[in-house]
Amino acid sequence: MKLPEAFILVILYSSTTTSIASYSKDGCEDMCGKVRIPFPFGIGTSCSVNRWYTVDCNSSTPYLSAFNHLQVLGVNLELQTITVNTPKYYDCQNLGSETRNIDLGKSPFLFSKSHNKFVFEGCGSARMMDHGTHVLTGCSNNCLNDTLSDRNSCFGDSCCQNTIPRYLKAYDINITRQSGDDRGCGSAFLVDETSYVEGDNNSYIPTSLLWTLSDADIYVYPMVDLGDKVRCYYQPSIVEVDLGDGTPLKSWKCSTWPGEGNPYLFHGINVTDDCAKCRRSGNDCHYDEIYDPDGVLIKWNATCVDYGWLNDKENKISLGVILGNAYSRSLIGA
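Below: a short report on this structure. (Residues numbered from 1 in each chain as written. Predicted model: local features only at pLDDT ≥ 70, side-chain atom pairs only at ≥ 80, totals over all residues. Heavy atoms only, no water.)

Let us look at the layout of surface pockets. Computed from the structure, the largest pocket encloses a volume of approximately 400 Å³. Lining the largest pocket are 27 residues, with Leu70, Asn85, Thr86, Pro87 and Arg100 sitting closest to its centre. Residues belonging to the lining of the largest pocket are distributed by class as follows: 17 nonpolar, seven polar and three charged. (1 Å grid on protein atoms, 1.4 Å probe; cavity = no way out; pocket = protein on both sides within 12 Å on 5 of 7 lines; lining within 4 Å. Points joined across faces, edges and corners; volume = space filled by probe spheres on them. Nonpolar A, V, L, I, M, F, W, Y, C, P; charged D, E, K, R; others polar.)

Below, the structure is given as structure tokens:
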């Protein structure tokens, strides 16, 4: 059956809106204390896309329940990251070498290559390794002659930092104390590079995790509502995550969109009057970015596309082929 031509209506993006920005599923809270918890995360099992994304809100503090109540500091929908408080690894032994294993198991999370750095505070050396003997990154400090006050800065001899080579599911940290050093503990950890406070004596530090969505978590065709999976406000795309073993991990990502709200909800964006009317009629808005000669974004052009012919079963199958071939791909960690 031949597909009819889509009805097109061109409108201009304006500040006048009728829809309300949404961040959580209907009937779910989106705030725990001062932290916003947007879908696919959710406060309670019925409000998240799956059990890994379930957040408990205890005394106005959010925790990832699947990780023995790991405290949540923030969720970034555009970067597809969640920042959590993780414990520092301390070595307070006299001398020698100690190793600690950190593993995210079968969860959909990865330690972010782009947003974390490896830090060692102390005297001696620290290494990050895979579960074998391969060293991923590390650094060393020779600080026999520095003073205790020097240890409050990561620009001195007693603190060093390094990048990590790829996104990680698990790693080992090994600390080797410097011979002759008897001045307390050394610590090594992954830390969100925008949140690291040099000389911070807290035992927990903020770490960013990349969250991924599998085929089982998302409806590729958002016009079809069959349950509680992610339905992007606009067409999703596939991202490929560099794991360093030659086999990238594929994940779905909902495209960002002009207006406030959550692109991981079909009705999550605060849109213009015309686009709200377009979507209420069963159609969808497509936006094009308009730039001035200097490359500055000055406005959006919105197009209302009529999807009324989707009621025909044959056309739904044909649309699946069209959209399937249209999905864009990007590489995370390149």
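Turning our attention to helix 1 (residues 273-280). If you check which residues of helix 1 are buried, you get Cys275, Ala276, Cys278 and Arg279. Looking straight down helix 1, one finds its buried side chains confined to an arc of 160°; they lie on one side. Pointing more than 90 degrees away from the buried face of helix 1 are the exposed residues Lys277 and Arg280. A positive phi of about 90° marks Gly282, the residue just after helix 1. (Buried < 20%, exposed > 50% of the residue type's maximum accessible area, 1.4 Å probe, protein only. Helix = DSSP H or I, 4+ residues; strand = E, 2+ residues; numbered from the N terminus. Arc of directions from axis to C-beta.)

What follows deals with unusual backbone geometry. Phe39 connects to Pro40 through a cis peptide bond whose omega is 20°. Positive phi outside glycine occurs at Ser59, with the angle close to 50°. Relative to the assigned elements, Ser59 resides in the loop between strand 5 (54-58) and strand 6 (61-64). The backbone phi angle of Gln80 is positive, close to 60°, even though this residue is not glycine. Secondary-structure assignment places Gln80 in the loop between strand 7 (70-76) and strand 8 (81-87). Looking at Gln80, the relative accessible area reads 1%, which means it is buried.

Attention now moves to the sheet that holds strand 12 (residues 116-121). One open sheet accounts for four strands, arranged 9-17-12-15; its pairing is antiparallel. Both outer strands of the open sheet, strand 9 (89-91) and strand 15 (159-162), are each paired with one neighbouring strand and no more. This sheet shows a mean twist of 15° between the axes of neighbouring strands, independent of strand direction. Here strand 12 runs beside strand 15; their pairing, made up of four bridges, is antiparallel. Bridging from a neighbouring strand, Val119 pairs with Gln161 of strand 15. (Pairing = 2+ DSSP bridges. Axes fitted to C-alpha atoms, helices over the stretch in contact; angles between N-to-C directions.)

Our next topic: the nonpolar core. Ranked by size, the top nonpolar core spans 48 residues in total, and within it Phe41, Leu64, Ile82, Phe109, Tyr171, Trp211 and Val230 carry the most contacts. The contact partners of Leu64, leaving out residues within four places of it in the chain, are Phe41, Trp52, Thr54, Val55, His69, Leu70, Val72, Ile82 and Val84. Counting residues in hydrophobic clusters, the runner-up holds 12 residues, among them Ile269, Cys278, Tyr287 and Ala302. (Core = buried A, V, L, I, M, F, W, Y, C linked by side-chain atoms within 4.5 Å. Contact = heavy atoms within 4.5 Å.)

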